Amino acid sequence: MAYNSRRQKLFAGYNKKIRVFQMISPEDSHLTSDVLERKSISSSEHTDVVSCIVTCEGRCFSAGYDRKIVIYDIPHHGDLKMPAVKTITNAHDAAVSCMVFGKDADNSWLITGSFDRIVKLWSLDGSLLQRFDGFSDTITSICYVLPTQTLWITANSHTPIVYDPRSGINVSDFVGISSDDGHHKTNATSFKQISFVPELNEVIGITNRRSIVVWKYNPAASITVLSGHSDAVECLTFTMKEPLLIFSGGSDGFIRKWERLQLNTFMYSQENLTLPKEERHEEEIAVNSFSKNPEERRKRQNALHKQITEKLDRWKRGLEEDINKQDNQVELMSSDAKRAFKRNQTKLKTGLALDKGMDRDGKMAGLSIKGSKQGVLTLFYYEDMDLLVSGYEDSRIRVWGYNEEAVKYVPDEGERTTETDPMGVSNESVTNRVAGMTLKYTLSDHKDSVTGIACFFRDGRHWMISTGWDRRICIFDLKLGKLHDVFRSQKGLGKEELAADGIILDMEYAPERNEFGYASADKSAYIRRFSSKGDEMLLQAVLIGHEAEVTKIKWSRRHQQWITGSEDRTIRIWAAEGLPVISVINNDGPVTALCIDAINGCIIAGSQDKCIRVFDPEKKDEVAQKNVGHTDEIRAIIHIPVRHQYVTSSLDNTVRIWNAYMKKGQRRTVLKTTLNSNQTATLNAFESEDNAPTYSELNPLMVPKVMNAAAAAAAMRPVGRAVTEDNSEATQGKILEEELRTTLSDLEFALTADKVLQPKRKKE
């Protein structure tokens, strides 16, 4: 059956025919207790059982076991027949089992499923648009979910199968519909019926085990989940040039390039950036070092955690002699473990393999390592030169670029002009994107893990500054691909100096002030002025106030402020000069990731509690938006303004994409200019559109003159009367009084005439 609310008609399917009943209107319901009129209209276009009926947009569609789809115009009240507009014979190779209507802002479809294990997408005039096959059983139910604009299909399957109707691609892996409850995931459970309730934004499913499963649309959930890393995903970056690319790096030592498919918004293609053979670490570890059994490996890792904890306790009690006996590898492992335990005992960031464990002196016994894979800790995409710069745990910086040899071609005579920007960089990046990225060169000037990288153009040269756990600041010339200088003492001795008292965890460059800030584990953040000479990078301010190590630092270009996040569960906003602190925002968990919304200036924070919180600085501590979906600590956040999306990475080995926070009244802007080295052009374009006056501001509502009482009276005055230009209160009062008298006299005349005419009417 199907009901058409517009025409108030009920459609019912029978054997070889359909009948149409008119609903009794509420005005006539007091005359009878019936709901439907007894008379009905029937049509016998089918030759077998009618199994499906759908009504929409003034039309009715029926399908049945005769494999037909019949299209009717919905009859008006009083019509005696319902002729068929079009009949589609052999629409399927078997009986049609289900049919639904789907509609979004751009399209309207009719979707059918059949016993032939095929789903078809039709236009409303009966033209075939898409065909989905590959199902393992009869199609039992279909529903179109409007919030996600996806098609859910059940074919006696353990979970609904999700398709994108526009591209015809299975997107089940990218849309989170699985439940944590395992009662409907067993082999004995299969879904029979599903239905979407638009008023509640819920999908209701019925299983063969007499259970009901309800999915509710969560607007704060991720749009899609990108799985591909085999370990924690530590860092993210992206490029604004088309095609827009997202890069992710993780503890598995791989960098993955993600590109959204043109067909839909859920699916992304991925490509691994592979190191040359001479750069790869050979992972040949002794046979007894790690077991292939995951349970055995977990036990050994737990034992290693316990032993390191005991060693750290001894170190805190002042027994430094035990630490001094360890070799360099053990020292690296201890510092890493210290931070790992602070992050809720996450996976160990070390290349050491355990054979027989540690002895009482803290030394590694029976260790045999020929090489180890190091994770990627930081990524930076430099738009001006189309370079991807990556920092690794093994103290190396690797610079990637597009393979220009793969896209070389002989241009035509009309194509020989090459545009070049003022900085001398060719604008052929879109062509270069066709080829994959290859390793350009490797920089080995750091002595420990690299955690912060910033690239920019200044004084006619392309610079890169980097820092990490070795507390050094290195200056590189990207054009030459080599070290230019390091941070040194200003006393004229030229001696290399450490930039902080604790390991440095993050770095950010502020192009407007030619300053860079870096966050340290010594509970402070530092602001220095950039100079190509290491001994002229003067300290501008020390941001002191956090009660635990400062994990992140960002520069807010919209508000010209420094933002820091710490493990003390606070986010602090500092003046451009560094001091004083402007405000303190309380976060519910230690801050492990930080980002600034490039459009509205909001602060996006990721925490150990697996949540993403968006703070509006204008609303102080109020959480403007909260996103939940990751199953482990969040490690990195980036904002893609052109798509109005946030991208996050986590220790749960996934990258997730979310809808960005939109302020009330904020309009979706369109990117008009390309980025320069510091993204100034793009951000200015966004800000100018966001601050532009709206139509209502340019055309404010005005009170019409006729709405004024005196003006209204003057406008209604008879034409023959004199019009005065005096707008005083006395004059306006006289005008109103005169109008009322005229109206009363007219009413009196009408009543008198009626009384005179009444006796004459009675005589007649």
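Residues numbered from 1 in each chain as written. Predicted model: local features only at pLDDT ≥ 70, side-chain atom pairs only at ≥ 80, totals over all residues. Heavy atoms only, no water.

Q: So what about the overall build of the protein? Which residues, and what values?
A: A tally of regular secondary structure across the protein gives eight helices and 47 strands. Taken over 764 residues, the protein has a buried fraction of 49%. The long-range share in the protein, meaning contacts at least 24 apart out of those at least 6 apart in sequence, stands at 49%. (Helix = DSSP H or I, 4+ residues; strand = E, 2+ residues; numbered from the N terminus. Buried < 20%, exposed > 50% of the residue type's maximum accessible area, 1.4 Å probe, protein only. Contact = heavy atoms within 4.5 Å.)

Q: Lay out unusual backbone geometry in plain terms, naming residues and giving numbers.
A: Cis peptide bonds are those with omega within 30 degrees of zero, and the linkage from E242 to P243 qualifies with -5°. On the secondary structure map, P243 appears in the loop between strand 21 (233-239) and strand 22 (245-250). In this structure, the amide linkage connecting L579 to the following residue, P580, adopts the cis form with an omega of 5°. Its identity as a non-glycine residue notwithstanding, R117 has a phi of 65°, on the positive side. Take R117: it is sitting in the loop between strand 10 (108-114) and strand 11 (119-122). Since its relative accessible area comes to 40%, R117 is described here as partly exposed.

Q: Got a sec to walk through the packing of aromatic side chains? Specific residues and values, please.
A: Under the defined criterion, the tally for this structure stands at 13 aromatic pairs. Look at F247 and Y381: their rings are 5.7 Å apart centre to centre, the planes differ by 10°, and that puts the pair in the stacked class. With a gap of 134 residues between them, F247 in strand 22 and Y381 in strand 25 (residues 376-382) connect regions that are remote in the sequence. Overall, the relative accessible area of 5% leaves Y381 in the buried class. Of the aromatic side chains, those joined through ring pairs into one cluster are F456, W463, Y509 and F530. Positioned over the ring face of Y392 is R398, at 4.4 Å from the centre of the ring. (Phe/Tyr/Trp six-rings, centres within 6.5 Å; stacked < 30°, edge-to-face > 60°. Lys NZ or Arg CZ within 6 Å of the ring centre and 35° of its normal.)

Q: Lay out the sheet that holds strand 33 (residues 504-510) in plain terms, naming residues and giving numbers.
A: The four strands lie next to each other as 33-34-35-36, forming an open sheet whose pairing is antiparallel. Here the strands that pair on one side only, and so sit at the sheet edges, are strand 33 and strand 36 (539-544). On average, each strand axis in the sheet is tilted by 15° relative to the strand beside it, whichever way the strands run. As paired elements, strand 35 (residues 524-529) and strand 36 share five bridges and run antiparallel to each other. Counterpart to I527 in the pairing with strand 36 is A541. (Pairing = 2+ DSSP bridges. Axes fitted to C-alpha atoms, helices over the stretch in contact; angles between N-to-C directions.)

Q: Quick rundown of the pairing of strand 25? Include the residues and the values.
A: Within a regular beta strand, the side chains point alternately toward one face of the sheet and then the other, so they alternate between its two faces. Among the seven residues in strand 25, six count as buried, and that is most of the element. In sequence, strand 25 turns back onto strand 26 (residues 387-392) through a hairpin of four residues, with D386 there showing a positive phi of about 50°.

Q: Explain the side chain of T237 to me, using residue names and the numbers behind them.
A: Mapped onto the fold, T237 is located in strand 21. Residue classification places T237 among the buried positions, given a relative accessible area of 9%. One polar contact links the side chain of T237 to the main-chain amide nitrogen of Y381, over a distance of 3.3 Å. Residues within four places of T237 in sequence aside, it is in contact with L245, I246, F247, L379, F380, Y381, L388 and I638. (Polar contact = N/O pair within 3.5 Å; in protein donor to acceptor, adjacent residues only side chain to side chain.)

Q: Describe the pattern of salt bridges, and please don't skip the residues or the numbers.
A: One pass over the full model with this rule turns up 21 salt bridges. With its nearest N and O atoms 3.6 Å apart, the salt bridge here joins R398 to D394. Taking relative accessible area as the criterion, R398 reaches 1% and is therefore assigned buried. Across the pair K663 and D616 runs a salt bridge, and its minimum N-O distance is 3.6 Å. With a gap of 47 residues between them, K663 in the loop between strand 47 (654-659) and helix 5 (680-691) and D616 in the loop between strand 43 (611-615) and strand 44 (623-628) connect regions that are remote in the sequence. Just as K663 is buried, D616 falls in that class too. Beyond isolated ion pairs, a larger network of salt bridges with shared partners links E234, E633 and R635. (Salt bridge = Lys/Arg side-chain N within 4 Å of Asp/Glu carboxyl O.)

Q: Mind laying out the sheet that holds strand 24 (residues 268-273), listing which residues take part and the relevant values?
A: What the four strands build is an open sheet, ordered 21-22-23-24; its pairing is antiparallel. Single-partner strands in this sheet number two, and they are strand 21 and strand 24. Taken over all neighbouring pairs, the strand axes of this sheet differ in orientation by 25° on average, direction set aside. Relative to strand 22, strand 21 runs antiparallel, the two sharing six bridges.

Q: Give a description of the confidence of the model for the protein that names residues and reports values.
A: Averaged over every residue, the pLDDT of the protein is 76; the share at 70 or more is 69%. Every residue in residues 670-692 is under pLDDT 50, and counting partners more than four places away or in other chains gives 46 contacts. (pLDDT = per-residue confidence, 0-100.)

Q: Residues and numbers for the pairing of strand 38 (residues 561-566), please.
A: Counting buried positions along strand 38 yields six of six residues, so the element is predominantly enclosed. Covered by surrounding structure in strand 38 are Q561, I563 and G565 together with W562, T564 and S566, the residues of both alternating faces. The pairing of strand 37 (residues 550-556) with strand 38 spans six bridges and is antiparallel. Looking at the pairing, V550 lines up with S566 of strand 38.

Q: Explain the environment of N156 to me, and be specific about the residues and the numbers.
A: The residue N156 is located in the loop between strand 14 (150-154) and strand 15 (161-164) in this model. On the basis of relative accessibility, which here comes to 22%, the residue N156 falls in the partly exposed class. For N156 and S190, which are 34 residues apart along the polypeptide, the C-alpha to C-alpha distance reads 5.0 Å. Residue contacts for N156: discarding those within four places in its chain leaves D137, T138, T140, S190, F191 and K192. Among the polar contacts made by the side chain of N156, one reaches the side chain of D137 at a distance of 3.1 Å. Here the side chain of N156 touches K192 through a polar contact of 2.5 Å, side chain to side chain.

Q: I'd like a description of a nonpolar patch on the surface, backed by residues and values.
A: Together, I204, I206, I212 and V214 line one region of the surface with nonpolar side chains, adding up to about 340 Å² of accessible area. Elements represented by at least two residues in the nonpolar patch include exactly strand 18 (202-207) and strand 19 (212-216). Residue position: I206 is located in strand 18. A relative accessible area of 40% places I206 in the partly exposed class. (Patch = residues over 30% accessible without salt bridge, like charges linked within 9 Å, V, L, I, M, F, W, Y side chains within 5 Å. Areas by Shrake-Rupley, 256 points an atom, 1.4 Å probe, with all protein chains shown as cover.)

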